[in-house]
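Here's the letter readout for the chains.
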Amino acid sequence: MRALGSLRFQRPPPTFPPPPSFQVEAIYHTSIVVHGREIYYGQGVSIARPGRTRFGAPLRTLRLGETGADAASVDAIVADAEAGEWTAARYALLAHNCNHFSAALCEALIGANRVPSDITDQPSLLTSTPFGQALLPALGGVEAALRVREAAEPATRAHPAPAVEHVAATLE
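Residues numbered from 1 in each chain as written. Predicted model: local features only at pLDDT ≥ 70, side-chain atom pairs only at ≥ 80, totals over all residues. Heavy atoms only, no water.

K.L.:
Give a description of the overall build of the protein that names residues and reports values.
P.N.:
The helix and strand tally for the protein stands at 5 helices and 6 strands. The secondary structure elements of the protein, listed N-terminal to C-terminal, are β-β-β-β-β-α-α-α-α-α-β. The burial tally for the protein puts 43% of its 172 residues in the buried class. Here the protein displays about 8,600 Å² of accessible surface, and carbon together with sulfur accounts for 58% of that area. (Helix = DSSP H or I, 4+ residues; strand = E, 2+ residues; numbered from the N terminus. Buried < 20%, exposed > 50% of the residue type's maximum accessible area, 1.4 Å probe, protein only. Areas by Shrake-Rupley, 256 points an atom, 1.4 Å probe, with all protein chains shown as cover.)

K.L.:
Describe unusual backbone geometry, and please don't skip the residues or the numbers.
P.N.:
Peptide bonds are trans in most cases, and residues, glycine excluded, mostly fall at negative phi. Its identity is not glycine, yet histidine 35 carries a phi of approximately 50 degrees, on the positive side. With respect to the element layout, histidine 35 can be found in the loop between strand E2 (29-34) and strand E3 (37-42). Relative accessible area serves as the criterion here: at 19%, histidine 35 is assigned to the buried category.

K.L.:
Help me get a handle on the packing of aromatic side chains, residues and values and all.
P.N.:
Counting across every chain of the model gives 4 aromatic pairs. Relative to phenylalanine 101, the ring of tryptophan 86 lies with its centre 5.3 Å away and its plane at 75 degrees, an arrangement referred to as edge-to-face. Taken as a pair, tryptophan 86 in the loop between helix H1 (71-83) and helix H2 (98-110) and phenylalanine 101 in helix H2 lie far apart in primary sequence, 15 residues in all. Comparing tryptophan 86 with phenylalanine 101, the two get one shared label, buried. (Phe/Tyr/Trp six-rings, centres within 6.5 Å; stacked < 30°, edge-to-face > 60°.)

K.L.:
Any details on the pattern of salt bridges? Residues and values, ideally.
P.N.:
A complete count under the given rule lists 2 salt bridges for this structure. Here aspartate 75 ties to arginine 37 by a salt bridge, and the two come within 2.6 Å at their closest N and O atoms. Within this pair, whereas aspartate 75 is found in helix H1, its partner arginine 37 is found in strand E3, the two being separated by 38 residues in sequence. According to the relative accessible area criterion, aspartate 75 is partly exposed, its value standing at 34%. With a closest N to O distance of 3.6 Å, arginine 63 and glutamate 66 form a salt bridge. Residue arginine 63 is classed as exposed on the basis of its relative accessible area, which comes to 52%. (Salt bridge = Lys/Arg side-chain N within 4 Å of Asp/Glu carboxyl O.)

K.L.:
Can you explain the nonpolar core? Please cite residues and give values.
P.N.:
Formed by 18 residues in total, the largest nonpolar core has its most connected members in Ile32, Ile39, Val45, Val74, Phe101 and Leu109. Where this core is concerned, the elements lending two or more residues are E2, E3, strand E4 (44-48), H1 and H2. Top element by residues in this core is H2. It accounts for 5 residues. Counting residues in hydrophobic clusters, the runner-up holds 5 residues, among them Ala26, Ala103, Val115 and Ile119. (Core = buried A, V, L, I, M, F, W, Y, C linked by side-chain atoms within 4.5 Å.)

K.L.:
How would you sum up the pairing of E2? Please name residues and give values.
P.N.:
A regular strand carries its side chains on alternate faces of the sheet. Among the 6 residues that make up E2, 6 are buried, leaving the element largely enclosed by the rest of the structure. Residue alternation in E2 divides its side chains into two sets, His29, Ser31 and Val33 and Thr30, Ile32 and Val34, and both sets are buried. Where E2 and E3 come together, 3 bridges link them in antiparallel fashion. Within E3, the residue paired with valine 34 across the bridge is arginine 37. (Pairing = 2+ DSSP bridges.)

See below:
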């Protein structure tokens, strides 16, 4: 059994102040690190050296468990993910993002989602508030702009991960 690793968290710079009645510690970006590679989702599935993504070093790392999957099996799981549910076109900032991907990949690798619920539940918590509801149109505009940019400059996938950027969960 190979140790599954840990979950890494990145705090992007805030783009809006939280309302006084709603405390947001951070808006988390997560990824999974397994067999010395960091796997994450954004403009499709990407792979980088741990801590060497555009998100920088993680704020925190959680050990999620151990996997029996060897590197070739992980590659097959990732290939299936990026050919199916986890394409760039299916990315949705609140409903289908890096945190959801980390949870799904964790489940595929160890048979359980060990990404903390305070991370995966953040979008529904935000959108359950009047402030979150007010943000939805703006977030839709952000997603549309990202799709236009991705169409103009498709993301490249790095295997096994030279200078690609990202940070998130770690599984080893």
